[in-house]
Structures are given as structure tokens and as C-alpha cells.
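What follows is each chain in one-letter form.
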Amino acid sequence: MPVTRVLTGITTSGTPHLGNYAGAIRPAIAASLRPGVESFYFLADYHALIKVQDPARVQRSTLEIAASWLACGLQPDKVWFYRQSDIPEIPELTWLLTCVAGKGLLNRAHAYKAAVDRNREAGEDDDAGVSAGLFMYPVLMAADILMFQAHSVPVGRDQVQHIEMARDFGARFNHLYGEPVGKSFFVLPEAAIEDNVATLPGLDGRKMSKSYDNTIPLFAPRAELRKLIFSIVTDSRAPGVAKDTKGSAIFELYRAFSTRYDAEQFARAFEEGISWGEAKEALFERIDAEVAPMREKYEALMAKPIEIEAILREGAIKARKIATPLMAELRHAVGLRDLREQVVVAKAAKAKVAMPQFKQYRDDAGRFRFKLIDESGVEILESIQFASPRDAGGVIAKIRSEGPAGIEHKEGVGLFLENQLFGNLVAPAGVDRLSKALQLLAEEGA
Ligand code: TRP
């Protein structure tokens with residue numbers, strides 16, 4: 001069975017809460033036990049420095065998150081579990097990728113763009129308060145992923161763009177340094193979008209999130225857990241009056257911690273007018289039953305940071321068995337080489353200037369399509385299906401002769417030539433990339 005590598009990073013900037021548990025930790029640990037999967041979980045502490053500049057908090061959060069994953073059943077000998085900052089190859093790879101990453105692409109990263117938009121609204125300088133770390137966030141994340149040849153990266157929708165960027169940088173690097181020597185250094189990762197994992201409501205009914213300050217810490221002591229659950233906002237329906245399960249934080253939380261059957265029973269109790277006090281009591285006992293054994297392990301681990309440190313160092317040794325040899329290959333590929341090695345200067349076979357290329361192919365449905373690969377090897381356009389290779393070829397010829405001016409891009413719809421839809425941009429390329437590629441082709445043809 002082919003092995004799929006799944007990789008997830010957890011930024012060490014907070015204390016794990018029930019939402020993290022149900023939405024990320026619990027499903028990730030379950031996935032790590034499936035056959036045919038190699039799981040990589042790491043503490044993204046370099047990423048934490050972008051947001052948190054309180055050293056004690058970074059350290060504390062790293063300890064808490066490591067202890068949480070271990071307490072929840074992560075088996076460090078069955079997976080790769082490490083701390084990002086223990087792998088010096090990651091910042092090293094970040095630099096190599098930085099040198100192939102388009103600045104224009106980074107300008108479009110959501111987190112950076114949002115910061116710029118906020119500044120504009122406030123009438124500030126575009127980059128006021130924006131660190132270069134925030135700007136470079138996607139490159140560091142790409143290094144995390146590409147370093148370990150991950151196939152699949154489970155992420156929320158907000159992170160999909162980052163995976164696309166990792167593909168873009170990886171493809172550029174492969175093209176630039178791999179193709180001339182017949183190698184492909186990086187696997188291009190796919191985002192596995194987690195739409196059906198639980199997002200839990202917090203104390204105020206909005207999504208449980210640190211930024212709303214409405215979280216229930218995963219390992220709050222029993223008494224505190226009870227207090228927090230009793231503070232969840234409800235409507236004011238009296239005991240004996242039927243209650244709505246829809247939109248009820250109490251019900252949603254209960255459901256995340258029970259079987260379908262038990263959730264149905266709980267819904268019945270709502271109909272029958274259970275009091276909020278009783279409902280909260282039931283919810284508390286339900287969550288505590290799942291969490292209590294793990295809480296015990298968590299507390300034991302938190303009391304023994306030496307053990308956690310040792311586990312992480314072991315993890316780093318295991319991860320570097322992959323990272324160190326790859327990094328050596330990459331250094332060589334880019335020309336950071338031992339000078340005693342014979343210097344082979346690429347024979348003046350006049351370094352062919354790379355050009356964008358149209359490629360025709362047959363898709364899985366047996367229909368004819370083409371794509372446009374830009375001069376750096378990245379796919380930027382995919383056509384619709386055509387009935388024959390001649391039809392596809394005809395459109396390519398027209399695009400080439402019309403150049404960028406003949407193409408119209410309708411946001412969210414596609415690309416048009418003479419009012420005919422012929423294809424779509426491939427994320428994360430924008431129209432500017434397409435125009436540039438078509439311009440190059442037009443100049444070549446001229
Ligand atoms: N950006 C991720 C987050 O904020 C954390 C992260 C860092 C990550 N590097 C990664 C996730 C690599 C997946 C793969 O949640």
C-alpha cells in the first residue's frame with residue numbers, strides 16, 4: 001500500500017482548549033493510527049514568535065501543547081513528533097525557498113493583506129506594525145511542509161492559500177534546480193480541507209476561539225471545568241419548557257462528546273423541558289468522563305518537563321534523519337558546494353531562456369484539455385474540456401495570436417476569448433501572471 005504522509009503544525013501561542021481537542025487533536029490522533037499513513041506533528045514555535053513576543057509564554061505554551069498531545073494518546077514512537085526549532089534545516093530551507101518565492105505572491109497572502117487593509121482603514125502606512133516575519137509566514141510554512149515530502153496537510157479553509165503557496169515555491173524550485181539534473185526534490189502537497197470536523201461553540205455561543213476569549217481549557221481542573229460549563233450562555237427558558245437544540249451551545253458541546261444515540265437522548269430531554277441546570281450538569285459529567293483520564297496524564301507530564309524535553313529531542317533526531325540528507329542534496333543543487341569538488345560550469349549551451357508552454361493532454365474523462373505552464377514551471381491556467389485535440393489546439397493558437405489583450409478574466413467565472421469561456425486560472429496565479437506569460441509568448445512569436 002502506498003504510504004501517505006500527513007503533516008500538521010501547531011503554533012505554540014496558547015493553551016489547548018476543548019475546541020482544539022475536538023477539532024484537531026482528537027481527529028489527528030485517530031488518523032495517525034490508520035494503516036498506510038505516516039503522521040508528522042510538530043510544534044511550530046518559530047511561527048509562534050510572529051505573534052507572541054513574551055518568551056515565558058512561548059515556553060509555557062510549547063510545554064502545554066506537547067503535554068496535551070501526549071496525554072491525548074499520541075504515540076511518539078509511531079509518528080514523527082518534534083519541535084520546529086530543533087530542526088535547523090527548516091530555517092535553512094526557508095532561505096532557499098525565500099529566494100524562489102515571488103514577492104508579489106506573498107503580497108497577496110491573506111494574513112498580510114488583512115494587516116495592510118486594517119492599516120489603510122486607519123489611515124496608517126500600509127506596512128505599519130507589520131513585521132517581515134508576518135510577511136514571510138507562508139515561506140516558513142512551506143519549508144515545514146516541503147522538508148518532509150508531505151502529501152497531505154489537513155487545514156481549515158483559512159490555511160488553504162498557504163498550501164497553494166507551498167506548491168508554488170516547491171514547483172519553482174523543482175523546475176529551476178531539479179529539471180536540469182532530472183530530479184524532483186519536493187513532493188507538491190495537497191490541502192486536506194477539514195469541513196466536517198467539529199467546530200465547537202464557546203462560552204458565549206460564538207465559535208470557541210482564543211481571539212474571542214470564550215474558551216474552555218482542555219485540561220481545566222474538574223471544579224473549574226464545572227464552573228466554566230455553568231457559565232455558558234443560554235436562553236431564559238424555565239424548567240419544564242421545551243428547549244431548542246438548534247443553536248444551543250450546550251447541545252452542540254454535548255454532541256461533540258457523545259455517540260449519536262446519546263445525543264438523540266439528550267435532544268429528547270431538551271424537548272421534554274430539561275432545566276438548563278440539569279443540562280449543564282449532564283454536559284459537565286459527559287466532558288469530564290472523556291477528559292479526566294487524560295487530565296491525569298497531562299498533570300503528570302506537566303510535572304515532568306524533563307520527560308517531555310527528552311521525547312521532543314528524540315523526535316528531532318528522528319525527523320532530522322529525513323531533513324539532514326535532503327538539505328545536503330538541496331545545498332548541492334543550488335550551488336552551495338564543497339569547493340574540492342570538480343567545478344563543472346554549465347557548457348555555454350546558451351542557457352535556454354525558459355518560456356511559458358502550452359501543454360495539451362487528455363483528462364481522466366477522456367476529453368481534451370490544455371494547460372499553460374509559466375516560465376518558472378508553475379501551472380497557471382487550465383482549459384475547459386474540448387471534444388477533440390484540434391479544438392483545443394485551435395484555441396491555443398488564438399490565445400497565442402491575440403496575446404494578453406484578447407483575454408478577459410471574469411472573477412469567479414473564468415477566462416474568456418471572444419466571449420467564449422475557455423478555461424480558468426489555477427490558484428494561486430493571478431491574471432497578472434497570465435498576462436506576463438502571454439506577453440512572453442507574444443514576444444517570442446514576434
Ligand atoms: N499556520 C498553521 C496555523 O496557524 C501552523 C503551521 C505552521 C502549519 N506550519 C505548518 C500547519 C505546516 C500545517 C503545516 O494553524
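Residues numbered from 1 in each chain as written. Predicted model: local features only at pLDDT ≥ 70, side-chain atom pairs only at ≥ 80, totals over all residues. Heavy atoms only, no water.

(A) The arrangement of the site of the ligand in detail. In the region of the ligand, the neighbouring residues are Leu7, Gly9, Thr11, Phe42, Ala44, His47, Tyr137, Met141, Asp144, Ile145, Val153 and Gln159. Within the side chain of Asp144, one N or O atom sits 2.7 Å away from a nitrogen atom of the ligand. For the ligand, a nitrogen atom lies 3.1 Å from a polar atom in the side chain of Gln159. In the complex, the protein chains occlude 85% of the 370 Å² of accessible area that the ligand would expose alone. (Near = heavy atom within 4 Å. Polar contact = N/O pair within 3.5 Å; in protein donor to acceptor, adjacent residues only side chain to side chain. Areas by Shrake-Rupley, 256 points an atom, 1.4 Å probe, with all protein chains shown as cover.)

(B) A look at the pairing of strand 2 (residues 37–44). Within strand 2, 6 of the 8 residues are buried, which leaves it mostly tucked inside the rest of the structure. Assessed by its sense of winding, the connection that carries the chain from strand 1 (residues 4–11) through helix 1 (residues 18–32) to strand 2 is right-handed. Strand direction decides the pairing type here: strand 2 and strand 3 (residues 80–83), joined by 4 bridges, are parallel. Bridging across to strand 3, Phe40 finds its partner in Trp80. (Buried < 20%, exposed > 50% of the residue type's maximum accessible area, 1.4 Å probe, protein only. Helix = DSSP H or I, 4+ residues; strand = E, 2+ residues; numbered from the N terminus. Right-handed = clockwise from strand over helix to strand, strands pointing away. Pairing = 2+ DSSP bridges.)

(C) Just the pattern of salt bridges, in detail. As enumerated under the stated definition, the model contains 30 salt bridges in all. Of the charged contacts, one joins Asp363 and Arg369 as a salt bridge, the two residues approaching to 2.7 Å between their closest N and O atoms. Note on Asp363: relative accessible area 13%, which makes it buried. You can call Arg369 buried: its relative accessible area is 17%. Taken together, the shared-partner salt bridges connect Arg83, Asp86, Glu309 and Arg313 into one network. (Salt bridge = Lys/Arg side-chain N within 4 Å of Asp/Glu carboxyl O.)

(D) Region of the structure containing helix 3 (residues 55–71). For helix 3, built from 17 residues, the straight-helix expectation of 24 Å at 1.5 Å per residue is met to within 8% by its first-to-last C-alpha distance of 24 Å. Turning to helix 3, its buried residues number three or more, namely Val58, Ser61, Thr62, Glu64, Ile65, Ala66, Ala67, Ser68, Trp69, Leu70 and Ala71. The N-cap of helix 3, judged by a side-chain oxygen 3.1 Å from the amide nitrogen of Ala56 a few residues on, is Asp54. Count one or two residues on from helix 3 and you reach Gly73, which has phi positive near 110°. (Expected span 1.5 Å × (residues − 1).)

(E) The arrangement of the sheet that holds strand 11 (residues 420–425) in detail. Read across the sheet, 6 strands follow the order 6-7-8-11-10-9 without closing on themselves; strand pairing throughout is antiparallel. Unpaired on one side and paired on the other, strand 6 (357–362) and strand 9 (407–410) mark the two borders of the sheet. In this sheet, adjacent strand axes meet at a mean angle of 30° when their direction is disregarded. Summarising the sheet, strand 6 and strand 7 (residues 368–373) pair through 6 bridges and their orientation is antiparallel. Looking at strand 7, one finds that Gln360 is bridged to Phe370. Running over the sheet, helix 14 (residues 389–402) touches strand 6, strand 7, strand 9, strand 10 (414–417) and strand 11 and is turned about 165° from strand 6. (Axes fitted to C-alpha atoms, helices over the stretch in contact; angles between N-to-C directions. Contact = heavy atoms within 4.5 Å.)

(F) Broad picture of the environment of Glu89. With respect to the element layout, Glu89 can be found in helix 4 (residues 89–98). Glu89 gets classed as buried once you look at its relative accessible area, which sits at 4%. Separated by 294 residues in the primary sequence, Glu89 and Ser383 have C-alpha atoms spaced 39 Å apart. Excluding anything up to four places from it in sequence, Glu89 contacts Met147, Arg320, Ala323, Thr324 and Met327. Side chain to side chain, Glu89 and Arg320 meet in a polar contact 2.9 Å long.

(G) Main features of unusual backbone geometry. Of the consecutive residues Ala427 and Pro428, the connecting peptide bond is found in the cis state with omega at 0°. Here Pro428 is to be found in the loop between strand 11 and helix 15 (431–445). Its identity as a non-glycine residue notwithstanding, Gln149 has a phi of 55°, on the positive side. One can find Gln149 in the loop between helix 7 (132–147) and strand 4 (152–155). The phi torsion at Asp213 lies on the positive side, around 55°, for a residue other than glycine. Tracing the chain through its elements places Asp213 in the loop between strand 5 (190–193) and helix 9 (222–230).

(H) Geometry of the layout of surface pockets. What the second largest pocket holds in volume is close to 750 Å³. Forming the boundary of the second largest pocket are 28 residues, of which Ala171, Ile373, Gly377, Val378 and Glu379 lie nearest the centre. Counting residues per element, the ones that place at least two in the lining of the second largest pocket are helix 8 (160–178), strand 5, strand 6 and strand 7. If you tally residues by element for the lining of the second largest pocket, the top one is helix 8, at 7 residues. (1 Å grid on protein atoms, 1.4 Å probe; cavity = no way out; pocket = protein on both sides within 12 Å on 5 of 7 lines; lining within 4 Å. Points joined across faces, edges and corners; volume = space filled by probe spheres on them.)

(I) Representation of the side chain of His162 within the structure. For His162, the position within the fold is in helix 8. A relative accessible area of 7% places His162 in the buried class. Once residues lying within four places of it in the same chain are set aside, the contact partners of His162 are Tyr137, Pro138 and Met141.

(J) Region of interest: the pairing of strand 5. Examined bridge by bridge, strand 4 and strand 5 share 4 bridges and lie parallel to one another. Note on strand 5: the bridge partner recorded for Val155 is Ile193.

Keep in mind these numbers describe shape, not what the thing actually does.
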